[in-house]
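So you can see what is in the structure, the chains are spelled out below.
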Amino acid sequence: MYGMTPHTSPLTIARESISMSKETGSQVFQTVAMVSMVAMALASLTSAGHVLLRDLNRKYEAEKGNGRGR
């Protein structure tokens, strides 16, 4: 019951992995940090792209309803 508290964000895990790799000199922790940072970046880009695509589709549908197409 007195274990580590759960991490709320992948960025926290990446920061801790980087600090562990500096303390221990282990490449494994540095690799975990880099992989988690790349995963966060891809997730952010996917989320932003989804929002932009949704807005463009709404605009297209509104113009299509008014008789104006692309």
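Residues numbered from 1 in each chain as written. Predicted model: local features only at pLDDT ≥ 70, side-chain atom pairs only at ≥ 80, totals over all residues. Heavy atoms only, no water.

> Where do I start with helix H1 (residues 10–24) in this structure?
In an α-helix there are 3.6 residues to a turn, and that puts residues three or four apart on one side. For H1, which comprises 15 residues, the first-to-last C-alpha distance of 21 Å matches the rise-based estimate of 21 Å (1.5 Å per residue) to within 8%. When we look at burial in H1, the residues that qualify are Ala 14, Ser 17 and Ser 21. Projected down its long axis, H1 carries its buried residues within an arc of 65°, all on one side. Opposite its buried face, H1 presents the exposed residues Arg 15, Lys 22 and Glu 23, each directed more than 90 degrees away. Buried residues in H1 make contact with helix H2 (27–65). (Helix = DSSP H or I, 4+ residues; strand = E, 2+ residues; numbered from the N terminus. Expected span 1.5 Å × (residues − 1). Buried < 20%, exposed > 50% of the residue type's maximum accessible area, 1.4 Å probe, protein only. Arc of directions from axis to C-beta. Contact = heavy atoms within 4.5 Å.)

> What exactly am I supposed to notice about the side chain of Ser 21 here?
Structurally, Ser 21 is set in helix H1. Polar contacts involving the side chain of Ser 21 include one to the main-chain carbonyl oxygen of Ile 18, which spans 2.7 Å. Residues in contact with Ser 21, not counting those within four places in the same chain, are Ser 26, Phe 29 and Gln 30. (Polar contact = N/O pair within 3.5 Å; in protein donor to acceptor, adjacent residues only side chain to side chain.)

> Sorry if this is basic, but what is going on with the environment of Ser 19 here?
Along the chain, Ser 19 falls in helix H1. Spatially, the C-alpha atom of Ser 19 lies 8.6 Å from that of Gln 30, the residues being eleven residues apart in sequence.

> How should H2 be read in this particular structure?
Over its 39 residues, H2 runs 57 Å from end to end, which matches the ideal 57 Å to within 8%, given 1.5 Å per residue. N-capping of H2 is provided by Ser 26, with a side-chain oxygen placed 3.3 Å from the backbone N of Val 28.

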